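Summary of the model geometry
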Amino acid sequence: MRWLPALAVLLAALPLCGQRELVVQNLTRFLRAEGVAVVVPFVQGTVKDLPSLHVAGTATAWQPFGARWPDGSLRQALCLFRTQLAAQSESRPKLEPGSGPDLPTGEVVLPTAVIEFVVRQSGQTVRAAPVRVADLEHNALRRVELRRTQIGTTGLVAELRIAAWRDQPHAYVDVAVFFSDPTSKAMQCEVDELAIETSGMALLLRHPGRLGIRQVATKTGSRVVLLGNNTIGDGQGLRRTG
């Protein structure tokens, strides 16, 4: 599902009580029912903490982010809610005053799948599972966790950002791998194969053909090859999403 703020420049010029309309688009060929996050901007001085707004008839969470105005008020916040759209359709939900329907309580549960980065290099195979660093976001509807690991002594660093929505069976994942080894004078890392293996859930990355990704389902999850017979320069790397 693709979501866009509607007329962001116009929204920024309106007072808090002015009418706001969001645009949510489903560009795929099948129905989608899932969480949506839309950036909503605010005029300086109108929102000190959390907006007193909600998507009409829908439990709505707000997640402030980024720099604030000089007076400490919010410049923008993520508006999070669940919606359903038919294939290749668009909706225009309105933001209404007030907190709206009650939000669910309790923690948002992250996927329990095992995720390992696997590097094959000069006949040697090294595995590493990213470990939790911190929650980048945790509200009533969505949780985003950062995980990171060094992949053995290869000089490669792997990073995962997992975004899980409450009561949603799938999660979104951002993957990053880069070469950064201050203990080595090497200016590049030769890689025979760089892959991600999962158990308990399958990992599906976007645009596999265009990015040269090979991904297959296994009996327990999936195996995704990010890179083969290639070189990663010092300070360089790759990012993928799925």
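Everything here concerns the structure above.
Residues numbered from 1 in each chain as written. Predicted model: local features only at pLDDT ≥ 70, side-chain atom pairs only at ≥ 80, totals over all residues. Heavy atoms only, no water.

Ranked by size, the top nonpolar core spans 29 residues in total, and within it Phe 117, Leu 156, Val 175, Leu 194 and Leu 226 carry the most contacts. For this core, the secondary structure elements donating two or more residues are strand S10 (114-121), strand S14 (156-165), strand S15 (171-179), strand S16 (188-199) and strand S18 (221-233). Excluding its chain neighbours within four sequence positions, the residues that come into contact with Phe 117 are Val 126, Arg 127, Ala 128, Pro 130, Ile 151, Ala 158, Glu 159, Leu 160, Val 175, Val 177, Ala 195 and Ile 196. Counting 16 residues, the second-largest nonpolar core is a separate cluster that includes Val 24, Val 36, Phe 42 and Leu 53. (Core = buried A, V, L, I, M, F, W, Y, C linked by side-chain atoms within 4.5 Å. Buried < 20%, exposed > 50% of the residue type's maximum accessible area, 1.4 Å probe, protein only. Helix = DSSP H or I, 4+ residues; strand = E, 2+ residues; numbered from the N terminus. Contact = heavy atoms within 4.5 Å.)

This part takes up the sheet that holds strand S19 (residues 237-241). Paired through backbone hydrogen bonds, the strands of a sheet run either parallel or antiparallel to each other. Taken together, five strands build an open sheet; the order of strands is S12-S13-S14-S15-S19 and the sheet is antiparallel. The two strands at the open ends of the sheet, each matched to only one other strand, are strand S12 (131-138) and S19. Here the strands of the sheet are splayed against their neighbours by 15° on average, with no regard to which way each runs. Note: strand S13 (residues 142-150) against S14, nine bridges, orientation antiparallel. From the neighbouring strand, Arg 148 faces S14, where its bridge partner is Glu 159. (Pairing = 2+ DSSP bridges. Axes fitted to C-alpha atoms, helices over the stretch in contact; angles between N-to-C directions.)

So, about the sheet that holds strand S9 (residues 94-97). What the three strands build is an open sheet, ordered S2-S9-S5; its pairing is antiparallel. Edge positions in the sheet fall to strand S2 (20-21) and strand S5 (53-55), since each of these pairs with one other strand and no more. Relative to S9, S5 runs antiparallel, the two being bridged by three bridges. Within S9, the position partnered with Leu 53 by the bridge is Pro 97.

The subject of this paragraph is the pattern of salt bridges. Following the criterion strictly, the structure yields 20 salt bridges and no others. For Glu 107, the salt bridge is made with Arg 143, and the minimal N-O distance between the two is 3.7 Å. Of this pair, Glu 107 sits in the loop between S9 and S10 while Arg 143 is found in strand S13, placing the two residues 36 residues apart along the sequence. A relative accessible area of 59% means that Glu 107 is categorised as exposed. One salt bridge connects Arg 132 with Asp 135, and the closest N-O pair in it is separated by 2.8 Å. Exposure remark for Arg 132: the relative accessible area of 45% places this residue in the partly exposed category. Here Asp 135 falls in the partly exposed class, since its relative accessible area comes to 27%. Members of the salt-bridge network, linked through shared partners, are Glu 116, Arg 120, Arg 127, Glu 193, Glu 197, Arg 214 and Arg 223. (Salt bridge = Lys/Arg side-chain N within 4 Å of Asp/Glu carboxyl O.)

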